[in-house]
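This is what each chain is made of:
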Amino acid sequence: MDLLILGGTAFLGRATAVEAVRRGHHVTCAARGSTEPPAGVDFVRVDRARDQGLSALGGRHFDAIVDVSRTPRHVERAVRDLDTDHWVFVSTTNVYAHFDRLEQSEDAPLLEGVEDLDDTSHYGRAKVTCERLVRDASATSTIIRPGLIGGPGDTTSRSGYYPWRFAHPTGAEVVMPAGPDFPAALIDVDDLASWTVTVAERQLDGVFNATGPTTNLGDVARLSAEVAGSTATARWIAASVLAERGIEPWMGAVSLPLWIDDPSWRWFATLNTMAARAEGLTTRPLIETLARCLVYEEGRAELSSGDASRAGLADADERALLAAL
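As a starting point, this report considers the structure included with it. (Residues numbered from 1 in each chain as written. Predicted model: local features only at pLDDT ≥ 70, side-chain atom pairs only at ≥ 80, totals over all residues. Heavy atoms only, no water.)

### Let's talk about the overall build of the protein chain
Step number 1: A tally of helices and strands in the protein chain yields ten helices and 17 strands.
Step number 2: In terms of overall size, the protein chain behaves like a compact globule, its C-alpha atoms giving a radius of gyration of 20 Å where 325 residues would be expected to give roughly 20 Å.
Step number 3: Reported as C-alpha extents along the three principal axes, the dimensions of the protein chain are approximately 65 × 40 × 35 Å.
Step number 4: Looking at the protein chain as a whole, 52% of its 325 residues qualify as buried.
Step number 5: The contacts in the protein chain between residues at least 6 apart in sequence include a share of 74% that link residues at least 24 apart.
Step number 6: In the form shown here, the protein chain has an accessible surface area of approximately 13400 Å², with 49% of it arising from carbon and sulfur atoms.
Step number 7: A distance of 2 Å separates the average location of the 31 positive side-chain charges in the protein chain from that of its 46 negative side-chain charges. (Helix = DSSP H or I, 4+ residues; strand = E, 2+ residues; numbered from the N terminus. Rg over C-alpha atoms; globule rule 2.2 N^0.38 Å. Buried < 20%, exposed > 50% of the residue type's maximum accessible area, 1.4 Å probe, protein only. Contact = heavy atoms within 4.5 Å. Areas by Shrake-Rupley, 256 points an atom, 1.4 Å probe, with all protein chains shown as cover. Lys, Arg positive; Asp, Glu negative; His and termini not counted. Charge placed at Lys NZ, Arg CZ, Asp CG, Glu CD.)

This is the structure:
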């Protein structure tokens, strides 16, 4: 297979490129070049912000193209200018209009798309429009709607913070949000990459949710402690207390990941993935992903207060919260 990955140098795109090369496919990665491409691929420098930014790929035919863009204008230009038999577009669970139900399926109501193709101010609505542009193309397409993607390369630390924190506790307790029954789910980046290559190979036409089995924060804490070899215990803090202390949900400079303090978003992480699993999606046990996350986090600099690119609490933030309680 002659595969083009628009991006292919970071996180999911990179993992997809590595897996496709491993399977013996010819892979071209097209990106700005700010990150070194993986070994074994052809690299083409492009600038998708320009109207003719994909001209370096003009005249080439690809068996499949993988795109992860969040910008409708970029997707419009790709569909217009590139030649392929099949599109694989990696969308997001954020396209759904509601998150007040457990494991919603692909036919659940979606948000309205954006009218301005340059508008990326609302992530979910922009992705809805991207999906529509791909589905309206002349080639067949696979639309993948993943939940939270975790594992090595997750620079946000949303999947890696808890294993790292249990490995580096500030005391006998580790702060955890909400309660142990709060629903959670994530998919390992390499599992999603593997299935992305599979649907490209098969030119599978359709829309599919993709995430791991539904679990809860209690299991996340228990498994994080296990992979860290930690004797620290979880200290469950009510959302109202966290809000009073300025601790944000999900991600950010001073935050706790994997939860959202809004009842209408309680089931945000969970998805019905029966359709994807029937087409070959397999996901590894959560403990394996958390162990991989811990190895990745150990190779990074210590989390510091005010680091907006990473979720979690710095040591000083956690100590201050526990002392206040």
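There's more to say after this.
### Side note on empty space enclosed by the protein
Step number 1: Per the counting criterion, the structure on display carries one cavity of 30 Å³ or more.
Step number 2: Lining the largest cavity are Phe182, Pro183, Ala184, Trp250, Leu258, Trp259, Ile260, Trp265, Arg266, Phe268 and Ala269.
Step number 3: Of the residues belonging to the lining of the largest cavity, the class tally is ten nonpolar, no polar and one charged. (1 Å grid on protein atoms, 1.4 Å probe; cavity = no way out; pocket = protein on both sides within 12 Å on 5 of 7 lines; lining within 4 Å. Points joined across faces, edges and corners; volume = space filled by probe spheres on them. Nonpolar A, V, L, I, M, F, W, Y, C, P; charged D, E, K, R; others polar.)

### Here's the deal with helix α2 (residues 72–81)
Residues spaced three or four apart along an α-helix point in a common direction, a consequence of the helix completing one turn every 3.6 residues.
Step number 1: Taken together, the buried positions of α2 are occupied by Pro72, His74, Val75, Arg77 and Ala78.
Step number 2: Those residues of α2 hidden inside the fold are in contact with β1 (2–6), β5 (64–67), β7 (86–90) and α3 (123–135).

### Details of the state of the cysteines
Step number 1: In total, this model carries zero disulfides according to the counting rule given.
Step number 2: Between Cys130, a free cysteine, and Cys29, which holds the nearest cysteine sulfur, the sulfur-to-sulfur gap is 20 Å. (Disulfide = S-S within 2.5 Å.)

### Remarks on the packing of helix α6 (residues 217–228) against helix α9 (residues 286–298)
Step number 1: Where α6 contacts α9, the two axes come as close as 9 Å, and the packing angle between them is 55°. By the angle class used here, α6 and α9 are oblique. The two elements α6 and α9 meet at a crossing, and its hand is right-handed. The segment α6 lies against α9, with Val220, Leu223, Ser224, Glu226, Val227 and Ala228 engaging Leu286, Ile287, Leu290, Ala291 and Leu294.
Step number 2: Split into classes, the residues belonging to the contact of α6 with α9 amount to nine nonpolar, one polar and one charged. (Axes fitted to C-alpha atoms, helices over the stretch in contact; angles between N-to-C directions. Parallel < 35°, antiparallel > 145°, perpendicular 65-115°, else oblique. Left-handed = near helix turned anticlockwise from the far one by under 90°.)

### Remarks on the packing of aromatic side chains
Step number 1: Taken as a whole, this structure holds seven aromatic pairs when the rule is applied.
Step number 2: Between Phe99 and Trp265 the ring centres are 4.5 Å apart and the planes differ by 40°, which places this aromatic pair in the tilted class. You can see Phe99 sitting in the loop between β7 and α3 and its partner Trp265 sitting in the loop between β17 (255–256) and α8 (274–278), a full 166 residues away along the chain.
Step number 3: On the accessibility criterion, Phe99 (3% relative accessible area) is buried.
Step number 4: The exposure class of Trp265 is partly exposed, given its relative accessible area of 29%.
Step number 5: For the ring pair Trp250 and Phe268, a centre distance of 5.3 Å and an interplane angle of 80° mean the geometry is edge-to-face. Remark: Phe268 occurs in the loop between β17 and α8 and Trp250 occurs in the loop between β16 (248–249) and β17; sequence separation between them is 18 residues. Exposure class is identical for Trp250 and Phe268. Each is buried.
Step number 6: Every member of this aromatic cluster is reached through a ring pair, and the members are Phe99, Trp250, Trp265 and Phe268. (Phe/Tyr/Trp six-rings, centres within 6.5 Å; stacked < 30°, edge-to-face > 60°.)

### Description of the layout of surface pockets
Rolling a probe over the atoms, with the probe sized like a water molecule, indicates the empty space that remains.
Step number 1: Its volume calculated, the largest pocket comes out at about 1400 Å³.
Step number 2: Forming the boundary of the largest pocket are 46 residues, of which Val68, Ser69, Arg70, Tyr123 and Lys127 lie nearest the centre.
Step number 3: Elements with a contribution of two residues or more to the lining of the largest pocket: α1 (11–22), β2 (26–31) and α3.
Step number 4: Top contributing element to the lining of the largest pocket by residue count: α1, with three residues.
Step number 5: The residue inventory of the lining of the largest pocket, partitioned by class, reads 20 nonpolar, 18 polar and eight charged.
Step number 6: Approximately 160 Å³ is the volume attributed to the second largest pocket.

From the geometry alone we can't say anything about function, so treat these as descriptive.
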